[in-house]
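Fold and contact review
Listed below are the residues making up each chain.
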Amino acid sequence: TRYFVDHRKVRVVGGQGGEGGHSFYSEPRKMFGGPDGGNGGDGGHVILKVDQQMKSLSSVLPFYQGFHGERGGRKNCYGANGACLYVKVPVGTLVKEDGEVVADLIQHGEEYVAAYGGAGGKGNRFFLSNENRAPMLSTPGEPGQERVLHLELKTTAHAGLVGFPNAGKSSLLRAISRAKPAVAAYPFTTLNPHVGIVHYQDYEQVAVADIPGLIKGAHKNRGLGLAFLRHIERCRFLLYVVDLSVSQPWIQLQDLKYELEQYKKGLSERPCVVIGNKIDLAESQINLPLLKEQIDERVIALSALTGDNLEELFLHLRELYDEYVKMEQSRGQRPVKW
């Protein structure tokens, strides 16, 4: 079983260049034809390539070696270049080296050369000159570039479900999409992000990420901490899920926004909607009007368990998505599609 992996340390080494050829041309009645050793082929690169079918870094291995170039041959034949080694990574992969970001891969098909292959060596034909008519010198190929990279995945979804553990985020994602995060009748928190796709009749698709439950002090890396906040950073709009059955549910919303703002300034100011879950419980009927009085954001009361009022969420989710598309197009950028 492949588990969700959102960070990976990878050592990449480019292919070594092929050795230069060392030979002299000779045939009957032409004994001294001169040097004819060809150059060696260049080593192959190791390239990270974004594939939208990949959803995790679990298939990325800890070490990659590029293909070597071939040795130069006789009759001025150059050695073949080593083939490029492509490593598939998911959309939203961040590449770091020594703590610094060197690449941010957010578009399908985007490529980044992680390690360059070494140059091929020179054959003795390369050193032919009027001063040296029979060069004996040939050079070996250069070694490939070697690097240690840290790959970090930030889930690229349109909407992010933000809420404390047991607020019903996983149940809500199961209700609006075909994603199947684990749910149960007892309290527990999701450990890995899940992405569900909401389909509309005009074939538009909105990606909704169920992020692991947040706790107080997450910006200080408590609980799942930064592992949670890393994935919410790239969501275009947020869906705050609060449990209406607890007393003073608006306190949950205040704490959630505080954690987001402490992690990254302005994160809590993104377009959002507040989802009051568990409206099927008696306590929720009492707390719903109190919640609407305490906050300014729009509140959608629903039940992920029974499916009550999911239609309102579908409509508003599409409104948020359409606004995002218009904003990206007005900036001359291409919106993320699933």
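Residues numbered from 1 in each chain as written. Predicted model: local features only at pLDDT ≥ 70, side-chain atom pairs only at ≥ 80, totals over all residues. Heavy atoms only, no water.

Looking now at the overall build of the protein. Looking only at helices and strands, one finds five helices and 14 strands in the protein. Scored against the burial criterion, the 338 residues of the protein give a buried share of 47%. Long-range contacts, defined as pairs at least 24 residues apart, comprise 73% of the intrachain contacts of the protein with a sequence gap of at least 6. Summed over its atoms, the accessible surface of the protein is roughly 17700 Å², and 51% of this surface lies on carbon and sulfur atoms. (Helix = DSSP H or I, 4+ residues; strand = E, 2+ residues; numbered from the N terminus. Buried < 20%, exposed > 50% of the residue type's maximum accessible area, 1.4 Å probe, protein only. Contact = heavy atoms within 4.5 Å. Areas by Shrake-Rupley, 256 points an atom, 1.4 Å probe, with all protein chains shown as cover.)

Attention shifts here to the packing of aromatic side chains. One pass over the structure, following the stated rule, counts two aromatic pairs. For the pair F126 and F127, a centre-to-centre distance of 5.2 Å together with 90° between the ring planes defines the contact as edge-to-face. For F126, a relative accessible area of 48% translates into the label partly exposed. For F127, a relative accessible area of 24% translates into the label partly exposed. (Phe/Tyr/Trp six-rings, centres within 6.5 Å; stacked < 30°, edge-to-face > 60°.)

Moving on, we come to the side chain of N277. Along the chain, the position of N277 falls in strand β13 (residues 272-277). A distance of 3.1 Å separates the side chain of N277 from the backbone nitrogen of A304, its partner in a polar contact. Setting aside residues no more than four positions away along its own chain, N277 makes contact with A167, G168, V241, V242, D243, L244, S284, L302, S303 and A304. (Polar contact = N/O pair within 3.5 Å; in protein donor to acceptor, adjacent residues only side chain to side chain.)

The next subject is the sheet that holds strand β14 (residues 299-301). Here six strands make up an open sheet; going across it, the order is β10-β11-β9-β12-β13-β14 and the pairing mixed. Whereas interior strands pair on both sides, the edge strands pair on one side only; in this sheet they are β10 (194-199) and β14. With strand direction ignored, the average angle separating the axes of adjacent strands in the sheet is 25°. Bridging between β13 and β14 involves three bridges; their strand directions are parallel. Directly across from V274, in β14, lies its bridge partner V299. Here helix α3 (residues 250-263) sits on the sheet in contact with β9 (159-162), β12 (237-243) and β13, set at roughly 140° to β12. (Pairing = 2+ DSSP bridges. Axes fitted to C-alpha atoms, helices over the stretch in contact; angles between N-to-C directions.)

Within the largest apolar cluster, 27 residues are counted, with the highest numbers of intra-cluster contacts made by I232, L238, Y240 and L260. Among the elements of the structure, β11 (205-210), α2 (226-232), β12, α3, β13, α4 (282-294) and β14 are those that each provide at least two residues to this core. With four residues, α3 is the single largest residue contributor to this core. Residues within four places of Y240 in sequence aside, it is in contact with V162, L253, L256, K257, L260, S268, C272, V273, V274 and I275. Core analysis: the second largest hydrophobic core is formed by 26 residues, V206, F237, L302 and Y324 among them. (Core = buried A, V, L, I, M, F, W, Y, C linked by side-chain atoms within 4.5 Å.)

Quick look at helix α1 (residues 169-176) now. Taken as a whole, α1 has its buried residues at K169, S170, L172, L173 and I176. End-on, the buried residues of α1 take up no more than an arc of 160°, which puts them together on one face. In this fold, the buried residues of α1 make contact with β9, β10, β11, β12, β13 and α5 (310-330). (Arc of directions from axis to C-beta.)

This structure, assessed with the given rule, holds twelve salt bridges. When the shortest N-O distance is used, the salt bridge between R318 and D322 registers 2.9 Å. Here D322 and R318 lie together in helix α5, a separation of four residues that amounts to about one turn. Three or more residues joined by partner-sharing salt bridges are found here, namely D202, R318 and D322. (Salt bridge = Lys/Arg side-chain N within 4 Å of Asp/Glu carboxyl O.)

Along the chain, D104 falls in strand β6 (residues 100-105). Excluding anything up to four places from it in sequence, D104 contacts T93, L94, E110 and R234.

Moving on, we come to the sheet that holds β6. Strand order in the open sheet formed by five strands is β3-β1-β8-β5-β6, and the pairing between neighbours is mixed. Only two strands of the sheet have a single neighbouring strand rather than two, namely β3 (63-65) and β6. The mean angle between the axes of side-by-side strands here comes to 25°, regardless of whether they run parallel or antiparallel. Strand direction decides the pairing type here: strand β5 (residues 93-97) and strand β8 (residues 146-153), joined by four bridges, are antiparallel. Considered in β8, the bridge of L94 is made with E152.

In this section: the pairing of β10. Along any regular strand, the residues point their side chains to alternate faces of the sheet. Here β10 pairs with β11 via six bridges, running antiparallel. Of the residues in β11, the one forming a bridge with V198 is V206. What sits between β10 and β11 in their antiparallel hairpin is a turn of five residues, with Y203 showing a positive phi close to 70°.

Turning next to the pairing of β9. Along β9, one buried face is formed by A159 and L161 and the opposite face, lined by G160 and V162, is buried too. As paired strands, β9 and β11 are joined by three bridges and run parallel to one another. Bridge pairing in β11 places G160 opposite A209. Note that β9 and β12 share four bridges and pair parallel. Across the sheet, the residue bridging to L161 is L239, located in β12.

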